[in-house]
Amino acid sequence: MPHLRYPFIVFMPSVLTLIGIPGLQPVQCWIGIPFCVMYVIAVIGNSLILGIIRYERSLHKPMYIFLAMLGATDIALSTCILPKMLGIFWFHLPEISFAACLLQMWLIHSFQAIESGILLAMALDRYVAICDPLRHTTIFSQQLLTHIGIGVTLRAAILIGPSIMLIKCRLKLYRTTVISHSYCEHMAVVKLAIEDVRINKIYGLFVAFSILGFDIIFITLSYVQIFLTVFQLPQKEARFKAFNTCIAHICVFLQFYLLAFFSFFTHRFGSHIPPYVHILLSNLYLLVPPFLNPIVYGVKTKQIRDHVLKMFFSKKHLDH
């Protein structure tokens with residue numbers, strides 16, 4: 001019987017407590033500083049890219065529209081996590097209502113899934129642009145871009161939704177209300193329950209592999225085909241140009257998926273890894289891509305870089 005194993009049982013808790021980074025509580029106020037800097041850069045950088053793409057008509061092309069979608073998702077994802085995290089680190093406000101915790105969990109995992117879907121769309125866009133350039137404009141019409149945007153959002157909302165409902169409807173008894181994490185993560189909350197959580201774990205794995213697994217397979221296939229096509233181009237200059245347009249995308253894919261899988265597997269199978277290492281990596285997985293994406297695309301994409309420089313330097317000339 002559960003009550004023999006757990007002397008304290010909480011029935012349907014109304015409030016949960018996020019402890020931040022287990023084992024690093026004394027230095028959390030200092031860890032909050034680089035996290036806050038990353039968040040500010042992420043919001044400013046992505047807002048800048050969104051503004052440039054929105055007002056520059058020459059950038060109303062599939063590649064840049066996907067980049068704008070990615071920027072908006074990055075702002076939303078980091079905003080779901082960081083204000084509450086800084087509240088824990090700086091102002092000692094660890095409590096979160098159970099409903100708010102489930103909402104944060106649904107938003108975080110949904111935005112992760114949307115980001116993955118946008119990265120897949122960007123890979124397919126590059127694939128068509130390089131492997132079938134004459135049909136690129138026809139295939140990637142305004143209508144298709146709208147359908148992709150709606151599709152990746154619906155896929156995320158529909159697949160993540162049941163994992164929240166499974167917690168809300170199935171798990172009633174909790175051994176503790178303290179979450180050893182700095183945000184509401186699916187497995188971190190599921191592990192608090194004393195009932196059988198196998199269905200929750202299986203569904204979590206199903207969602208992770210049906211979203212991340214599916215996207216990674218198709219992104220990899222796209223890039224294998226892209227590289228085969230690029231290396232067959234006769235001119236060295238054309239090969240370099242085609243390869244150069246893909247570098248920024250590859251950097252973004254690698255940082256997103258490597259951190260995602262490391263975080264995902266350590267949560268389930270990394271019992272020997274110290275908790276603070278895992279929680280720090282989970283935080284970085286959600287904060288590093290929004291911070292790095294505008295920097296990577298700002299540096300590697302000539303059109304974005306030119307518009308950023310034009311904005312700042314024309315302002316300086318006006319001031320003089």
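Residues numbered from 1 in each chain as written. Predicted model: local features only at pLDDT ≥ 70, side-chain atom pairs only at ≥ 80, totals over all residues. Heavy atoms only, no water.

J.: Outline the overall build of the protein chain, supporting the account with residue identities and numerical values.
T.: Within the protein chain, the regular secondary structure consists of 11 helices and 5 strands. Here the C-alpha radius of gyration of the protein chain, 22 Å, is about what a compact globule of 320 residues would show, namely 20 Å. A burial count over the protein chain gives 48% of its 320 residues as buried. Counting only contacts in the protein chain whose residues sit at least 6 apart along the sequence, the fraction spanning at least 24 positions is 80%. In the structure as shown, the protein chain presents an accessible area of about 16,300 Å², 72% of it carried by carbon and sulfur atoms. Computed over 25 positive and 13 negative side-chain charges, the separation of the two mean positions in the protein chain equals 2 Å. (Helix = DSSP H or I, 4+ residues; strand = E, 2+ residues; numbered from the N terminus. Rg over C-alpha atoms; globule rule 2.2 N^0.38 Å. Buried < 20%, exposed > 50% of the residue type's maximum accessible area, 1.4 Å probe, protein only. Contact = heavy atoms within 4.5 Å. Areas by Shrake-Rupley, 256 points an atom, 1.4 Å probe, with all protein chains shown as cover. Lys, Arg positive; Asp, Glu negative; His and termini not counted. Charge placed at Lys NZ, Arg CZ, Asp CG, Glu CD.)

J.: Which residues make up unusual backbone geometry, and what values do they have?
T.: Even without glycine at this site, M12 takes up a positive phi of about 45°. By the element assignment, M12 lies in the loop between β1 (10-11) and β2 (15-18). Residue M12 is classed as partly exposed on the basis of its relative accessible area, which comes to 32%. Residue H92 is not a glycine yet carries a positive backbone phi of 50°. Within the secondary structure, H92 is located in the loop between α3 (62-91) and β3 (95-97). Classification of H92 as exposed rests on a relative accessible area of 66%.

J.: How would you explain the sheet that holds β2 if you had to name every residue and give the values?
T.: Hydrogen bonds between backbone atoms are what pair the strands of a sheet, whose relative direction is either parallel or antiparallel. Reading across the sheet, the 3 strands line up as β3-β2-β5 and stay open at both edges, with mixed pairing between neighbours. In this open sheet, the two edge strands, each paired with only one partner strand, are β3 and β5 (178-179). Where β2 and β3 come together, 3 bridges link them in antiparallel fashion. Residue pairing for β3: T17 is matched across the bridge by E95. Across the sheet, helix α4 (residues 98-131) touches β2, β3 and β5, and the angle it forms with β3 is around 85°. (Pairing = 2+ DSSP bridges. Axes fitted to C-alpha atoms, helices over the stretch in contact; angles between N-to-C directions.)

J.: How would you summarise the environment of R126 if you had to cite specific residues and measurements?
T.: In this fold, R126 is placed in helix α4. Beyond its immediate sequence surroundings of up to four residues, R126 is in contact with M63, Y223, I226, T245 and H249. Within polar-contact distance, the side chain of R126 engages the side chain of D125 at 3.1 Å. (Polar contact = N/O pair within 3.5 Å; in protein donor to acceptor, adjacent residues only side chain to side chain.)

J.: Give a description of the packing of helix α2 (residues 28-55) against α3 that names residues and reports values.
T.: Viewed as axis vectors pointing N to C, α2 and α3 meet at an angle of 155°, and their least axial separation amounts to 9 Å. In terms of orientation, α2 and α3 fall into the roughly antiparallel class. In terms of crossing hand, the pair formed by α2 and α3 is left-handed. In the contact of α2 with α3, the residues fall into 22 nonpolar, 7 polar and 1 charged. (Parallel < 35°, antiparallel > 145°, perpendicular 65-115°, else oblique. Left-handed = near helix turned anticlockwise from the far one by under 90°. Nonpolar A, V, L, I, M, F, W, Y, C, P; charged D, E, K, R; others polar.)

J.: Can you explain the nonpolar core? Please cite residues and give values.
T.: Ranked by size, the top nonpolar core spans 94 residues in total, and within it L67, L119, I167 and I179 carry the most contacts. Among the elements that line this core, the one with the most residues is α4, at 16 residues. The residues contacting I179, other than those within four sequence positions of it, are L16, T17, L18, I19, C101, C184, A188, V189 and L192. (Core = buried A, V, L, I, M, F, W, Y, C linked by side-chain atoms within 4.5 Å.)

J.: Give me the lowdown on helix α10 (residues 275-300), citing residues and values where you can.
T.: Between its first and last C-alpha, α10 extends 36 Å over 26 residues, near the 38 Å set by a 1.5 Å rise per residue. In the structure, α10 departs most strongly from a straight axis at V288, where the bend amounts to approximately 30° and where the proline P289 lies between one and four residues downstream. (Expected span 1.5 Å × (residues − 1). Bend = angle between axes of the 7 residues up to and from the residue.)

J.: How would you sum up the UniProt feature "transmembrane region" (unreviewed entry) in the protein chain? Please name residues and give values.
T.: Annotation from UniProt places "transmembrane region" (unreviewed entry) at residues 7-24, 30-53, 65-91, 103-124, 144-167, 202-230, 242-264 and 276-297. A helix fraction of 100% and a strand fraction of 0% characterise residues 30-53, whose end C-alpha atoms lie 36 Å from each other. (UniProt positions renumbered as here; feature names shortened; annotations may be inferred.)

J.: For the side chain of E115, give the residues involved together with the corresponding values.
T.: Take E115: it is sitting in helix α4. Here E115 is buried and forms no salt bridge, its nearest opposite-charge partner R155 lying at an N-O distance of 11 Å. Beyond its immediate stretch of four places on either side in the chain, E115 contacts L70, T73, D74, L77, F256, P289 and N293. (Salt bridge = Lys/Arg side-chain N within 4 Å of Asp/Glu carboxyl O.)

J.: Give a detailed account of the state of the cysteines, specifying residues and quantitative values.
T.: Taken as a whole, this structure holds 1 disulfide when the rule is applied. Shown here is the disulfide that connects C101 with C184, its sulfur atoms set 2.0 Å apart. Because the torsion about its S-S bond is -120°, the bridge between C101 and C184 counts as left-handed. Here the residue C101 occupies a position in helix α4, and C184 occupies one in the loop between β5 and α7 (186-190), the gap between them amounting to 83 residues. Here C101 falls in the buried class, since its relative accessible area comes to 1%. Free cysteine: C29, not disulfide-bonded; nearest cysteine sulfur from C36 at 13 Å. When its relative accessible area of 33% is taken as the criterion, C29 is described as partly exposed. (Disulfide = S-S within 2.5 Å.)

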